[in-house]
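As a plain string of letters, each chain reads:
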Amino acid sequence: MLYWLAEQLDFPGILNLFRYLTFRAGAAIVTALFIGLLIGPRFIGWLRVRQGKGQPIRTDGPQTHLAKRGTPTMGGLMILTGLFVAVLLWGNLRNPYVWIVLFVTASYGAIGFYDDYLKVTKQSHKGFSGKARIAIEVVVAVVACFFVMQTQPPAIASGFAMPFLKEAIIPLGILFPLVTAFVVVGAGNSVNLTDGLDGLAIVPVMIAAGTFGFISYLVGNAIFANYLQIHHVPGAGELAVICGAVIGAGLGFLWFNAPPAQIFMGDTGSLGLGGLLGTIAVATKHEIVLAVVGGLFVVEALSVIIQVFVFKRTGKRVFLMAPIHHHFEKLGWTEPQVVIRFWIISVVLALVGLATLKLR
């Protein structure tokens, strides 16, 4: 909105700053952070009154978690509010990538909200039907990836890029939306599974957002993309503003989610943010790099898949408890130890992901 206004005035005087992605991304960080800190206390109080018992706590989990009973969930609403306001203020709303990413974020956030609502009202962990939920997520992801394909230059529109192989690209043709939809759905649910401890999911999400903000800026700039021998995606640089908004909104949420958490993110936030990251990875042609940068999310999801697969066939458990962060709690790690060590792993994986930009 502000970018459009400055554009209409031909960027006079100080408004010339609006031309620069770096300025608007930074402004999005500050705006989203300010909104989170501003609405946080009243929002948490309102949720506590409305939800009563808060998010149900698993009785088969670590006993230390029982002390969290009564903590309100759906904190993702606070995150998404700051994110959307910041993007609508500072983003270029003529850029189709902005609307595609916001569409997925809002849709996945709505699915997560309904799941949270069922869990809170029924005081049950079952929530939304798993099959119905995945089906809706797939439909949303396919639609979004189709529009990504329509937005991009024909030479790369239906291709799947491979890191380390310079400009190599695997042509997928009409299968592109179906294949890349797997990335979006996988990202959404992986972040969702990671959200189990205070601050555990939101910091890796911010780290991934910061990494992809940098990647978006590079692939959207023809000069930098050519120098690094990565695919230039016209218009993708605008996604840096969205990534900035994620960082700001995440920081605002972390202020209240730091141990002991006053509010949980819930599926509302984890699904929405995961879907956002997956869509940005598809739009920037860095789907595989997301698996590296978001390696923590991948491991969390794999731990659940392996646990269920092995248990159904042998009756035995590979991990003491899944997702894997609970396994380490069962081994005796304290919650802060698990969270901070996983943050460290996320930073290392982000650096490895960035290294792939030059190792070509």
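Preceding this section is the structure that the text describes.
In what follows, the accompanying structure is described. (Residues numbered from 1 in each chain as written. Predicted model: local features only at pLDDT ≥ 70, side-chain atom pairs only at ≥ 80, totals over all residues. Heavy atoms only, no water.)

Within the chain one finds 15 helices and two strands. At 20 Å, the chain has a C-alpha radius of gyration in line with the 21 Å of a compact globule built from 360 residues. Relative to its full complement of 360 residues, the chain shows a buried share of 53%. A separation threshold of at least 6 residues defines the contact pool for the chain, and within that pool the share at least 24 residues apart is 75%. Within the structure as shown, the chain displays about 16000 Å² of accessible surface, and the carbon and sulfur contribution to it stands at 71%. Taking the 25 positively charged and 15 negatively charged side chains of the chain as two groups, their mean positions are separated by 7 Å. (Helix = DSSP H or I, 4+ residues; strand = E, 2+ residues; numbered from the N terminus. Rg over C-alpha atoms; globule rule 2.2 N^0.38 Å. Buried < 20%, exposed > 50% of the residue type's maximum accessible area, 1.4 Å probe, protein only. Contact = heavy atoms within 4.5 Å. Areas by Shrake-Rupley, 256 points an atom, 1.4 Å probe, with all protein chains shown as cover. Lys, Arg positive; Asp, Glu negative; His and termini not counted. Charge placed at Lys NZ, Arg CZ, Asp CG, Glu CD.)

Time to look at helix α3 (residues 76-90). Along its 15 residues, α3 runs 21 Å from first to last C-alpha, staying within 8% of the 21 Å computed at 1.5 Å per residue. Every buried residue of α3 is accounted for by G76, M78, I79, L80, G82, L83, A86, V87 and W90. Turning to α3, the residues buried within the fold contact α1 (2-8), α2 (21-51), α4 (96-122), α8 (202-219), α10 (239-257) and α11 (266-283). (Expected span 1.5 Å × (residues − 1).)

This brings us to unusual backbone geometry. Between P259 and the following residue, P260, the backbone shows a cis peptide bond with an omega angle of -10°. The residue after A322, namely P323, is reached through a cis peptide bond having omega 0°. Inspection of the secondary structure assignment puts P323 in the loop between α13 (295-314) and α14 (324-330). Notably, Q229 is not glycine yet its phi reads approximately 60°, a positive angle. Assignment of secondary structure puts Q229 in the loop between α9 (222-228) and α10. Unlike most non-glycine residues, K285 shows phi in positive territory, near 65°. With respect to the helices, strands and loops of the structure, K285 is situated in the loop between α11 and α12 (287-293).

This part takes up the packing of α4 against helix α5 (residues 130-151). It is the contact of α4 with α5, at a shortest axis distance of 10 Å, that shows an interaxial angle of 175°. Judged by the angle between their axes, α4 and α5 are roughly antiparallel. The segment α4 lies against α5, with P96, Y97, I100, F103, V104, S107, Y108, I111 and D115 engaging R133, I136, E137, V138, V140, A141, V143, A144, F147, V148 and T151. For the contact of α4 with α5, the per-class residue count stands at 15 nonpolar, two polar and three charged. (Axes fitted to C-alpha atoms, helices over the stretch in contact; angles between N-to-C directions. Parallel < 35°, antiparallel > 145°, perpendicular 65-115°, else oblique. Nonpolar A, V, L, I, M, F, W, Y, C, P; charged D, E, K, R; others polar.)

One finds L83, Y108, I202 and F212 to be the most contacted residues of the largest nonpolar core, which totals 88 residues. Sorting elements by how many residues they give to this core places α8 first, with 11 residues. Apart from the residues within four sequence positions on either side, Y108 is in contact with E137, V138, V140, A141, V184, V185, L271, G272 and G275. Residues L200, F319, V338 and F342 belong to the second largest nonpolar core, which totals nine residues. (Core = buried A, V, L, I, M, F, W, Y, C linked by side-chain atoms within 4.5 Å.)

The residue K119 is located in helix α4 in this model. Here K119 falls in the buried class, since its relative accessible area comes to 17%.

For the rest of this paragraph, the subject is the state of the cysteines. This model, assessed by the stated rule, comprises zero disulfides. With no disulfide of its own, C145 lies 16 Å from the sulfur of C243, the closest cysteine sulfur. Owing to a relative accessible area of 1%, C243 belongs among the buried residues under this scheme. (Disulfide = S-S within 2.5 Å.)

Our focus in this paragraph is the pattern of salt bridges. The final tally for this structure, using the stated rule, is six salt bridges. In this structure, D115 engages K119 in a salt bridge whose closest nitrogen and oxygen atoms are separated by 3.4 Å. Residue D115 and its partner K119 are both found in helix α4; the two are separated by four residues, about one turn of the helix. Residue D115 shares its accessibility class with K119, and that shared class is buried. The residue D115 makes a salt bridge to R133 at a minimum N-O spacing of 2.7 Å. Taken as a pair, D115 in helix α4 and R133 in helix α5 lie far apart in primary sequence, 18 residues in all. (Salt bridge = Lys/Arg side-chain N within 4 Å of Asp/Glu carboxyl O.)

Over its 27 residues, α4 extends 39 Å from the first C-alpha to the last, a length consistent with the 39 Å expected when each residue adds 1.5 Å. Looking at where α4 begins, the residue whose side-chain oxygen comes 2.8 Å from the main-chain nitrogen of Y97 is N95. (Polar contact = N/O pair within 3.5 Å; in protein donor to acceptor, adjacent residues only side chain to side chain.)

Quick look at the packing of aromatic side chains now. On inspection of all chains with the given rule, the structure shows six aromatic pairs. Ring geometry for F23 against W90: centres 5.9 Å apart, planes inclined by 85°, an arrangement best described as edge-to-face. Note that F23 is positioned in helix α2 and W90 in helix α3, a separation of 67 residues in sequence. Look at F23 and you get partly exposed, because its relative accessible area is 28%. For W90, a relative accessible area of 13% translates into the label buried. Residues F43 and W46 carry aromatic rings whose centres are separated by 6.3 Å and whose planes lie at 35° to one another, so their mutual orientation is tilted. Of this pair, F43 and W46 both sit in helix α2, three residues apart, which is roughly one turn of that helix. Linked through ring pairs, F328, W333 and F342 together constitute an aromatic cluster. For R341, the ring lying beneath its charged end belongs to W333, and the centroid distance is 4.5 Å. (Phe/Tyr/Trp six-rings, centres within 6.5 Å; stacked < 30°, edge-to-face > 60°. Lys NZ or Arg CZ within 6 Å of the ring centre and 35° of its normal.)

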